[in-house]
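Take a look at the letters that make up each chain.
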Protein chains: 2
Amino acid sequence: MAKKYVYFFGGAKADGKESMKNLLGGKGANLAEMAGNKDLKLPVPPGFTITTDVCAHYYKNKKKYPKGLKEEALKAMEKIEKLMDRKFGDPNNPLLVSVRSGARRSMPGMMETVLNVGLTEKTIPGLINTSGGNKRFVYDAYRRLIMMYSDVVMEKAGGIEPKDDESGIRKQLEKIMSGMKKEKNYTTDTQLNADDLKELCGLFKLKIKEVLKKDFPDDHWKQLWGGIGAVFSSWNGKRAISYRRIERIPDEWGTAINVQTMVFGNMGNDSATGVAFTRNPGTGENKFYGEYLINAQGEDIVAGIRTPGPINEYSKSEHNKDMLTLEKVMPEIYKELFSIQKRLEKHYRDMQDIEFTIEKNKLFMLQCRVGKRNGPAAVRMSLEMTKEKFITKEEALMRVTPSQLDELLHPIIDPKEEIAHKLLIKGLPAGPGGANGQVVFSAKDAMEWVKTGKKVILVREETNPEDVEGMRVAEAILTARGGMTSHAALVARGWGKCCIVGCNGLHVDYEKKEILVDGKTIKEGDWLTLNGSKGNVYEGKLAMIDASEENKILMDFLKLCDSVKKLGVRTNADTPEDAAKARQFGAEGIGLFRTEHMFYGKGSDEPLFYLRKMIISKTQEERKLALDELFPYVKKDIKATLEAMDGFPVVIRLLDPPLHEFVPRQQIKLEQLAADLKINMEELSKRADALHESNPMMGHRGVRLGVTYPEISAMQIRAIFEAAAELIKEEKKPYPEIMVPVVCDVNELKDQFSIVKEVYGQTLKKYNIKKIKYMFGTMIEIPRASFVADKLAEVTEFFSYGTNDMTQMGFGFSRDDIGGFLPEYLKKNILPEDPFQSIDQEGIGELIKIGIERGRKTRKNLEIGICGEHGGEPRSVEFCFHVGMNYVSCSPFRVPIAKLAAAQAVLKTNKNKTYKL
Amino acid sequence: MAKKYVYFFGGAKADGKESMKNLLGGKGANLAEMAGNKDLKLPVPPGFTITTDVCAHYYKNKKKYPKGLKEEALKAMEKIEKLMDRKFGDPNNPLLVSVRSGARRSMPGMMETVLNVGLTEKTIPGLINTSGGNKRFVYDAYRRLIMMYSDVVMEKAGGIEPKDDESGIRKQLEKIMSGMKKEKNYTTDTQLNADDLKELCGLFKLKIKEVLKKDFPDDHWKQLWGGIGAVFSSWNGKRAISYRRIERIPDEWGTAINVQTMVFGNMGNDSATGVAFTRNPGTGENKFYGEYLINAQGEDIVAGIRTPGPINEYSKSEHNKDMLTLEKVMPEIYKELFSIQKRLEKHYRDMQDIEFTIEKNKLFMLQCRVGKRNGPAAVRMSLEMTKEKFITKEEALMRVTPSQLDELLHPIIDPKEEIAHKLLIKGLPAGPGGANGQVVFSAKDAMEWVKTGKKVILVREETNPEDVEGMRVAEAILTARGGMTSHAALVARGWGKCCIVGCNGLHVDYEKKEILVDGKTIKEGDWLTLNGSKGNVYEGKLAMIDASEENKILMDFLKLCDSVKKLGVRTNADTPEDAAKARQFGAEGIGLFRTEHMFYGKGSDEPLFYLRKMIISKTQEERKLALDELFPYVKKDIKATLEAMDGFPVVIRLLDPPLHEFVPRQQIKLEQLAADLKINMEELSKRADALHESNPMMGHRGVRLGVTYPEISAMQIRAIFEAAAELIKEEKKPYPEIMVPVVCDVNELKDQFSIVKEVYGQTLKKYNIKKIKYMFGTMIEIPRASFVADKLAEVTEFFSYGTNDMTQMGFGFSRDDIGGFLPEYLKKNILPEDPFQSIDQEGIGELIKIGIERGRKTRKNLEIGICGEHGGEPRSVEFCFHVGMNYVSCSPFRVPIAKLAAAQAVLKTNKNKTYKL
């Protein structure tokens with residue numbers, strides 16, 4: 001049997017179907033489905049698809065078409081003519097068609113399109129006649145055809161290379177048109193009347209002859225085959241080729257071509273055009289929702305020149321509530337449309353975004369596709385469609401992206417506002433959601449302004465622990481330096497607060513209290529709006545949407561996640577309040593409790609002060625004294641968190657950061673410290689200087705402090721055990737897991753474990769109890785630790801991956817300093833993404849796998865989790881699931897996202913078993 | 001057959017032999033060999049060994065001896081009596097014996113010894129008689145026996161636990177003795193006369209009875225079995241047990257016991273004692289060398305109270321040249337001794353250290369063992385013994401330790417002086433050899449003092465590039481901070497200069513120009529002496545030995561190394577002078593040429609100045625201008641080194657350190673820079689501040705600079721190719737290997753390689769040549785690089801391991817900051833050694849192996865080397881050989897050591913094939 005090159009669709013019939021995407025392209029297959037499927041039978045403008053085989057043949061055979069193609073096309077055209085009761089090239093009742101590309105996978109804007117094909121001097125009068133004498137409509141269509149055709153078909157596909165952009169034919173025709181507008185004092189195209197347009201068409205043709213040395217073809221078939229050739233040519237256009245490189249689309253796929261009847265919503269008051277959604281894309285409500293315009297074309301809705309009307313009562317909004325609905329104006333057509341959308345949703349089993357045109361009281365469906373939706377809508381639809389038994393719960397889970405779920409957790413900038421505003425500057429998206437506020441430059445100012453009822457954005461070069469109170473009251477934080485795991489980013493993310501860091505082009509002048517950015521000056525008190533999920537900064541006050549109160553929907557959805565996921569999800573929480581928040585989201589324990597964070601900005605200065613005393617101590621005696629003063633605070637804090645997590649495990653990390661981080665920077669605090677320690681300022685700065693390190697990230701920190709100052713570990717361990725013991729006496733179920741950070745060798749663990757054992761025994765005795773349930777474990781964050789994990793597992797019962805530090809050491813990237821080169825690395829595509837955001841599976845991932853494998857070799861039931869920032873990033877969560885971790889841990893506001901990612905990871909793995917889309 | 005428990009030796013016969021160490025212990029087996037071997041037949045004082053089996057039986061059977069032991073011992077004693085013509089316990093002619101431990105492996109000082117056993121009230125008169133009436137000698141021996149026996153046998157082995165150290169029996173007896181000395185106004189023990197000693201023995205016995213409630217045994221057999229029991233008991237003493245834990249000696253081995261005739265060199269003028277070496281241990285010369293003392297015991301030589309005489313003319317020295325030689329005084333005995341030492345050397349095939357005693361004109365050999373020797377002696381002996389066909393060349397190579405070879409390369413402190421002086425403080429041994437000089441505190445002072453002819457030690461908190469000129473002229477460098485790869489250490493090692501870093505207890509006060517250490521003050525101009533190979537600092541001026549001129553011997557030895565080793569040895573050299581030095585030692589190329597080092601202190605300030613201009617540039621234009629100014633210097637430097645290494649490969653590393661390292665710190669230089677750049681100081685410090693990084697080691701450096709500022713790479717690459725092209729025109733054979741540092745991903749290499757290809761093409765064209773031989777490669781120093789080595793090898797032809805940085809990242813140890821915890825880590829045995837000194841084979845080693853395996857998988861003939869500081873450390877060199885590297889590279893003065901280590905690595909591997917010891 002000879003190959004079939006042309007597939008017809010229209011009149012409730014179609015040669016093709018949805019599954020033939022490889023042959024017909026995505027668009028062609030979809031048009032065939034819409035037109036031909038028994039359940040749908042949509043009134044699609046009839047047309048035909050030329051297959052991708054033809055494209056292949058075209059390129060293999062010096063741009064020649066296979067035999068029989070023209071005949072098949074002719075036959076298909078006849079079918080169209082019959083259905084439309086018009087004829088291609090007919091002077092009285094002409095049929096116009098469009099010629100569009102359509103590859104297997106969508107390549108939006110990469111290939112060419114020619115519209116209004118079939119309009120010639122011969123057919124113009126007929127179209128004027130059938131359009132009810134609308135000469136302006138016809139000559140405007142003709143003018144558009146000439147411009148498009150001369151550019152796409154005659155110049156580009158004709159292989160004519162203009163000298164520069166300005167000398168291209170399209171530009172030259174545009175010049176003629178703007179010349180005429182100027183001459184006639186018109187400001188918009190719509191002011192051009194029928195005669196103007198007619199004159200323009202004549203001038204265009206002369207110019208084309210002059211420049212391209214060819215006549216604009218006045219034959220409808222010549223126009224059609226010219227258009228088809230141009231679309232095939234555009235498959236190998238520069239833009240299309242480079243797009244395919246990036247998207248990895250094979251060159252040999254080729255494109256199909258769709259030739260389809262032109263329909264016009266602008267043929268009078270019995271014509272219209274519109275877009276609609278089968279459910280509300282902003283809320284998810286199961287109501288038909290859309291807009292339409294009488295006597296208009298689709299592009300008029302997009303252009304926003306006229307205000308569209310609501311298709312029904314439900315679709316009414318503030319600015320169109322007084323307009324007539326389509327339901328009222330064309331009740332029959334509305335009924336048909338309503339029925340069609342019902343069928344569509346049922347057929348495609350998802351909310352559809354549809355485009356329709358009414359030409360002279362006849363409804364045509366131009367396009368339908370899965371509709372875009374915001375986060376709350378996505379979650380609601382998924383849940384409701386599951387209840388309606390429309391989709392399975394697995395499908396429901398796969399239909400919500402983690403970032404959509406994130407929208408339910410934070411206020412966001414109104415997307416429309418965001419489109420309408422120009423970006424001021426872009427930074428790294430360090431804390432989620434949106435926020436607006438007035439600029440302040442210090443933590444102190446932030447607190448004062450907020451007290452007077454203002455909303456502020458705290459802007460700093462970079463933040464440090466002394467800024468924390470100001471950060472807490474600010475709507476958002478913006479810093480010029482730092483990476484995704486800088487101080488500002490870590491703190492903000494922990495609170496779920498909007499934050500943007502590493503805005504390299506931003507210059508902060510604390511003295512003048514202003515920001516210099518891109519030549520502009522932003523002063524104290526000016527408004528800024530931040531999109532912390534994208535890293536976008538806008539000038540002024542943009543409107544916000546807050547979906548974070550829709551708790552019921554979120555909780556239902558999380559239950560769905562829980563029913564599928566296998567990975568545990570814990571939270572990184574440093575305070576009882578954080579712990580409680582995370583419990584609300586269903587966190588199954590605390591994966592990281594940073595003991596040092598209790599010293600940051602929590603009302604009372606005392607713990608921090610004693611900590612500083614301890615740090616600046618010179619002798620073991622001084623240090624022990626300070627530790628004794630510190631002890632009750634540490635115990636109290638740990639006890640409160642263990643209590644909040646009653647029954648759930650709490651991983652408590654021993655002191656991690658280098659001590660100098662806690663040395664005060666403010667003169668007054670330094671003086672206070674000197675006075676209390678009874679030393680002079682000179683001695684104090686000597687001691688503080690001695691703590692200085694060239695590379696503190698790889699310096700005297702973590703277990704290295706514990707080994708050199710065992711009394712510090714002992715104090716912390718005692719606080720843990722005594723807190724637990726007191727809770728046991730109160731009939732609670734504390735479950736601490738003691739974690740040693742920055743470990744590179746088993747001997748470090750043995751050293752620390754001997755302290756644990758000793759203090760454990762002392763505590764049992766002191767409280768007269770028999771047992772405290774606890775685990776002893778280590779962080780795996782130093783690359784070497786992975787290699788010696790078999791030995792580490794001899795003394796530990798759990799591992800927790802600190803992927804921040806592992807990424808730092810594994811890449812040799814200081815998270816605080818990557819601002820100098822990472823943007824260039826991403827721009828040059830040297831790295832596909834910031835490895836501090838998503839785990840680098842190739843390098844760091846292998847280190848992780850080695851550690852897990854060796855650890856479990858020694859101790860089969862070793863508990864393994866992750867407490868690095870990656871624990872809340874969906875792809876990293878999926879990775880953690882695949883390498884066999886027991887749980888991930890992330891900041892409270894990432895817990896829902898981690899749960900969803902964990903559930904999706906299971907579904908993706910089981911794709912062939914239980915999951916169907 | 002019944003088990004044999006007692007092995008006799010003596011009278012040119014022995015039941016045992018050397019190979020029976022497991023049964024007889026090391027000492028017992030050796031005594032048997034010396035006494036019984038046919039070739040030796042040494043006059044060893046006869047005795048017998050009780051086997052380790054007895055020890056095992058003793059502990060298994062509640063401290064009971066096996067049946068038959070006493071009978072065997074009795075028989076052996078009879079043989080001794082016969083040979084010595086004395087009788088154990090005989091009142092007229094008594095035989096005295098010693099009882100000593102002797103385990104399989106030597107455990108020096110860990111177990112007990114009892115001497116003079118057999119001396120009783122009954123035998124005292126006999127011994128006085130046989131000693132020629134020497135009552136003092138006899139009572140002193142008796143006094144010693146009582147003290148030793150009461151302590152070791154009666155108290156310790158008797159299970160009596162004194163309340164504290166002071167209440168032990170030995171202390172109490174010592175108190176009695178010192179009381180008597182005080183009463184009689186004696187200052188030394190030797191002032192006690194025979195009567196005093198006799199009285200003392202009586203007092204001792206009374207005290208023993210009072211304290212231990214037992215009499216001191218006056219029976220010779222009782223004494224003997226008491227002593228034997230005490231020695232067995234001491235196998236399970238606290239000290240012995242903990243020593244076995246550390247040295248991993250199994251508890252079940254047990255110890256043997258040697259009972260041996262006591263001989264006395266202090267029985268009159270026909271008695272003597274001495275020590276001798278079969279060759280000169282200080283020079284290696286093949287001459288019998290030694291000292292003796294008439295009428296003395298061995299310990300008298302060690303104590304150094306009397307000056308010993310030379311055994312022969314050859315052994316005469318400045319302070320004993322007028323004394324009579326043994327050869328003259330006892331010619332027969334000397335002849336016997338001479339013949340014995342010849343036999344000994346032949347038998348043991350190595351230089352022997354021997355102890356002898358002459359008792360009443362009869363020669364006894366007490367001990368012989370392989371003699372200790374210094375570096376020059378070791379090398380000379382090895383070479384000469386090979387020529388004498390005494391040993392194989394493989395043995396010769398194994399007999400010199402790398403640190404002995406090092407002694408041939410640098411002056412060292414006279415070892416005798418070093419023993420005699422108290423350590424002032426210990427730091428990290430960063431640069432080899434010894435040096436003395438006067439303390440100065442700045443590079444400027446160093447230069448001025450040296451101009452006036454003084455020798456100086458430059459003392460700094462830590463050094464930076466601005467100190468380099470001062471470091472060059474100083475004898476040695478001493479810093480309070482920094483690790484083995486700090487600036488001072490790197491620079492000093494490169495020059496082979498003595499250097500000690502990281503002296504934590506040392507406080508430098510630049511203002512007062514003084515050092516505070518351990519309560520002492522060292523002022524400017526005071527003398528210090530440094531042992532840079534050990535990290536020892538001494539006050540004052542210690543004498544030096546300089547063997548570094550013995551070039552012939554060194555070169556011969558290196559030839560021997562070359563004939564065996566398989567690993568290539570290159571050098572890390574940054575200047576043509578360094579390159580030439582390394583060529584002298586036979587370096588086979590340069591493994592690391594650090595382009596940035598040309599900017600440090602080389603007379604002209606210009607290159608550094610232009611580099612600084614480049615760094616502080618704000619725009620690409622400014623930067624390019626500065627680079628153009630810099631270019632001729634860089635090219636000239638590279639050309640000179642390529643020329644010095646004509647024909648050998650030179651690995652040239654592109655710019656590595658973070659730029660801020662080059663920003664000047666001196667105000668005057670900053671002002672000069674600002675003036676030249678036509679910017680004000682405020683702007684300059686702004687730019688300099690912008691370069692500041694939190695963790696520069698993991699910041700914007702290496703290839704990250706090359707990616708963000710491709711013009712920097714381009715300038716360097718152009719300098720390399722143009723230098724090579726010019727040399728080709730001059731008919732030289734330049735062979736540059738271009739190395740990219742700090743790489744973590746193949747895309748970085750692709751980015752840089754595109755610059756290489758472009759500049760290569762341009763250079764060929766410019767010089768009109770067809771080809772420049774070169775390689776493109778990468779450093780492997782970032783942990784991730786090892787994991788992606790298969791990909792890296794797609795674009796590179798060689799890898800060079802930067803184990804300094806790999807150790808930093810792999811351990812998370814900043815080399816500049818480890819001073820805060822590493823000493824404690826080594827003290828607590830958490831790490832067996834500083835991983836910056838010897839490669840951590842467990843962790844970092846695995847990273848290296850992974851990289852090599854994957855790299856070679858992609859490119860079979862990938863050239864792999866190491867250019868980190870470990871490349872000159874013997875164990876690391878051995879590791880590099882085993883993992884299949886092509887070469888190691890190290891500083892010029894480490895080249896000989898690396899060669900020896902490389903040769904020894906081969907021999908150790910082939911142990912069972914060609915190598916025999």
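Everything quoted here is computed from the prediction, not taken from an experiment. (Residues numbered from 1 in each chain as written. Chains lettered and ligands numbered in written order. Predicted model: local features only at pLDDT ≥ 70, side-chain atom pairs only at ≥ 80, totals over all residues. Heavy atoms only, no water.)

1. Some words on helix α8 (residues 220–234) of chain A
Turn by turn, an α-helix covers 3.6 residues, leaving residues three or four places apart pointing in a common direction. Residue and element names in this part refer to chain A. Spanning 15 residues, α8 covers 21 Å between terminal C-alpha atoms, matching the ideal 21 Å at 1.5 Å per step. Counting buried positions over the 15 residues of α8 gives 13, a clear majority of the element. The backbone nitrogen of Trp 221 has a side-chain oxygen 3.1 Å away, supplied by the residue at the start of α8, namely Asp 219. (Helix = DSSP H or I, 4+ residues; strand = E, 2+ residues; numbered from the N terminus. Expected span 1.5 Å × (residues − 1). Buried < 20%, exposed > 50% of the residue type's maximum accessible area, 1.4 Å probe, protein only. Polar contact = N/O pair within 3.5 Å; in protein donor to acceptor, adjacent residues only side chain to side chain.)

2. As for the relation of the copies chain A and chain B
Rotating chain A by 179° and translating it 0.1 Å along the rotation axis places it on chain B, where the RMSD comes to 0.3 Å. Classification of the inter-copy transformation places it as that of a two-fold axis. Comparing contact sets, 100% of the residues at the interface of chain A also lie at the interface in chain B, consistent with an isologous, same-surface contact. (Least-squares fit on C-alpha atoms with pLDDT ≥ 70 in both. Contact = heavy atoms within 4.5 Å.)

3. Re the sheet that holds strand β11 (residues 309–310) of chain A
The strands making up a sheet are joined through hydrogen bonds of the backbone, oriented either antiparallel or parallel. Residues and elements named next belong to chain A. Taken in spatial order, the five strands line up as β11-β10-β9-β12-β13 in an open sheet, and their pairing is antiparallel. Edge strands, defined here as strands with exactly one partner in the open sheet, are β11 and β13 (362–370). As paired elements, strand β9 (residues 272–277) and strand β10 (residues 289–294) share six bridges and run antiparallel to each other. When the sheet's bridge partners are listed, Gly 274 is paired in β10 with Tyr 292. (Pairing = 2+ DSSP bridges.)

4. A few points about helix α17 (residues 443–451) of chain B
Residues and elements named next belong to chain B. Within α17, burial applies to Ala 443, Asp 445, Ala 446 and Trp 449. Down the axis of α17, the sector holding all buried residues measures 160°, keeping them to one side. Turned more than 90 degrees away from the buried face of α17 sit Lys 444 and Lys 451, all of them exposed. Positive phi shows up at Gly 453, right after α17, with a value of about 90°. (Arc of directions from axis to C-beta.)

5. Regarding the nonpolar core
Membership of the largest hydrophobic core comes to 330 residues, with the highest contact counts inside it found for Phe557(A), Ile848(A), Met885(A), Phe557(B), Ile848(B) and Met885(B). Setting aside its immediate chain neighbours within four residues, Met885(A) contacts Leu567(A), Tyr801(A), Ile848(A), Ile852(A), Ile864(A), Gly865(A), Ile866(A) and Cys880(A). Counting 72 residues, the second largest nonpolar core, distinct from the first, contains Tyr58(A), Tyr142(A), Ile228(A) and Trp235(A). (Core = buried A, V, L, I, M, F, W, Y, C linked by side-chain atoms within 4.5 Å.)

6. Structural notes on the pattern of salt bridges
All names here are of chain A. Throughout the structure, instances matching the rule amount to 133 salt bridges over all chains. Glu 210 is the salt-bridge partner of Lys 207, the closest N and O atoms lying 3.6 Å from each other. Separated by three residues within a single helix, Lys 207 and Glu 210 lie in helix α7 (residues 194–212), roughly one turn from each other. By relative accessible area, which is 48% here, Glu 210 ends up partly exposed. Residues Arg 399 and Asp 350 are paired through a salt bridge, measuring 3.4 Å at the closest nitrogen-oxygen approach. Pair noted here: Arg 399 is in the loop between α14 (393–398) and α15 (402–407) and Asp 350 is in the loop between α12 (331–348) and β12 (352–359), with a separation of 49 residues, a long-range link. Each member of the pair Arg 399 and Asp 350 is classed as buried. Overlapping salt bridges, with partners in common, bring together Glu 112, Asp 151, Lys 156, Arg 170, Glu 174 and Arg 239 in one network. (Salt bridge = Lys/Arg side-chain N within 4 Å of Asp/Glu carboxyl O.)

7. Remarks on the side chain of Gln260(B)
Residue and element names in this part refer to chain B. With respect to the helices and strands, Gln 260 occurs in strand β8 (residues 255–261). Within the structure, Gln 260 has its side chain in polar contact with the backbone oxygen of Pro 45 (distance 3.0 Å). Excluding residues that lie within four positions of it along the chain, Gln 260 makes contacts with Phe 9, Leu 31, Val 44, Pro 45, Pro 46, Gly 47, Leu 96, Val 97, Ser 98 and Arg 100.

8. Some remarks on the packing of helix α21 (residues 576–584) of chain A against helix α23 (residues 620–644) of chain A
All names here are of chain A. Where α21 contacts α23, the axes come no closer than 9 Å and their chain directions differ by 10°. It follows that α21 is roughly parallel to α23 by the angle criterion. Counting all contacts with α21, which are made through Pro 576, Ala 579 and Arg 583, the residues of α23 involved are Ala 640, Thr 641 and Ala 644. Within the contact of α21 with α23, the residues separate by chemical class into four nonpolar, one polar and one charged. (Axes fitted to C-alpha atoms, helices over the stretch in contact; angles between N-to-C directions. Parallel < 35°, antiparallel > 145°, perpendicular 65-115°, else oblique. Nonpolar A, V, L, I, M, F, W, Y, C, P; charged D, E, K, R; others polar.)

9. What about the pairing of strand β25 (residues 536–539) of chain A?
Consecutive side chains of a regular strand alternate in pointing toward one face of the sheet and then the other. Residue and element names in this part refer to chain A. Where strand β15 (residues 425–426) and β25 come together, two bridges link them in antiparallel fashion. Bridged to Ile 425 within β25 is Val 537. As defined by bridge partners, strand β24 (residues 527–531) adjoins β25 across four bridges and the pair is classed as antiparallel. What sits directly across from Leu 530, in β25, is Val 537. The antiparallel pairing of β24 with β25 creates a hairpin that spans four residues between the two strands, and Gly 535 there sits at a positive phi of about 85°.

10. Looking at the pairing of strand β6 (residues 97–103) of chain A
All names here are of chain A. In terms of residue burial, β6 counts as a mostly covered element, since six of its seven residues are buried. Relative to strand β7 (residues 113–117), β6 runs antiparallel, the two sharing three bridges. Its bridge partner lying in β7, Val 97 is registered against Val 117. Direction of pairing for β6 relative to strand β8 (residues 255–261): antiparallel, over a ladder of seven bridges. Bridge pairing links Arg 100 to Asn 258 in β8.

11. Quick look at the packing of aromatic side chains
As enumerated under the stated definition, the model contains 47 aromatic pairs over all chains in all. Look at Phe88(A) and Trp221(A): their rings are 5.1 Å apart centre to centre, the planes differ by 85°, and that puts the pair in the edge-to-face class. Within this pair, whereas Phe88(A) is found in strand β4 (residues 87–88), its partner Trp221(A) is found in helix α8, the two being separated by 133 residues in sequence. With a relative accessible area of 6%, Phe88(A) lands in the buried category. Here the aromatic rings of Phe813(B) and Phe821(B) are separated by 5.2 Å at their centres, their planes lie at 65°, and the arrangement is edge-to-face. Taking relative accessible area as the criterion, Phe821(B) reaches 0% and is therefore assigned buried. Through successive ring pairs, a cluster of aromatic residues spans Tyr58(A), Tyr59(A), Tyr65(A), Trp225(A) and Phe232(A). The ring of Trp225(B) carries Lys70(B) above its face, with NZ or CZ at 4.6 Å from the centroid. (Phe/Tyr/Trp six-rings, centres within 6.5 Å; stacked < 30°, edge-to-face > 60°. Lys NZ or Arg CZ within 6 Å of the ring centre and 35° of its normal.)

12. Remarks on the interface of chain A and chain B
Listed by partner, the interface residues are 50 residues for chain A and 50 residues for chain B. Summing both sides of the interface, chain A and chain B together bury roughly 4,400 Å²; the carbon and sulfur share of this comes to 54%. Of all residues in chain A, the largest losses of buried area upon contact with chain B belong to Met698(A), Arg784(A) and Phe787(A), amounting jointly to 15% of the total for that side. Here chain A is connected to chain B by ten salt bridges. Residues Glu842(B) and Lys791(A) are paired through a salt bridge, measuring 2.6 Å at the closest nitrogen-oxygen approach. Our enumeration of links across chain A and chain B arrives at 32 residue pairs in polar contact (both at pLDDT 80 or more). For the side of chain A that touches chain B, the elements supplying multiple residues, two or more each, are α26 (703–708), α28 (746–767), α29 (783–787), α31 (803–811), α32 (822–827) and α33 (844–858) of chain A. Looking at the side of chain A that touches chain B, its residues break down into 20 nonpolar, 13 polar and 17 charged. (Buried area = accessible area lost by both parts, 1.4 Å probe.)

13. Quick word on the sheet that holds strand β1 (residues 6–10) of chain B
Residues and elements named next belong to chain B. Judged by pairing direction, the sheet is antiparallel, and its six strands sit side by side in the order β2-β1-β3-β8-β6-β7 without closing on themselves. Two strands lie at the open edges of the sheet, namely β2 (13–14) and β7 (113–117), each paired on one side alone. In this structure, β1 lies alongside β2, joined through two bridges in antiparallel fashion. Among the inter-strand pairings, Gly 10 is bridged to a residue of β2, identified as Lys 13. Across the face of the sheet, helix α1 (residues 21–36) comes into contact with β1, β2, β3 (47–50), β6 (97–103) and β8 while running at roughly 120° to β6.

14. Points about the environment of Gln841(B)
Residue and element names in this part refer to chain B. Among the structural elements, Gln 841 can be located in the loop between α32 (822–827) and α33 (844–858). By relative accessible area, Gln 841 is classed as partly exposed at 38%. Considered as a pair, Gln 841 and Gly 159 are 682 residues apart in the sequence and their alpha carbons are 46 Å apart. With near-sequence residues (within four places) excluded, Gln 841 lies in contact with Glu 846, Arg 875 and Phe 879.

15. Digging into the packing of helix α22 (residues 606–616) of chain B against helix α24 (residues 667–677) of chain B
Residues and elements named next belong to chain B. For the pair α22 and α24, the least separation of the axes is 11 Å and the interaxial angle reads 65°. By the angle class used here, α22 and α24 are roughly perpendicular. As for the relative orientation of α22 and α24, their crossing is right-handed in sense. Facing Phe 609, Arg 612, Lys 613 and Ile 616 of α22, the residues of α24 in contact are Lys 669, Gln 672, Leu 673, Asp 676 and Leu 677. Here the residues of the contact of α22 with α24 sort into four nonpolar, one polar and four charged. (Left-handed = near helix turned anticlockwise from the far one by under 90°.)

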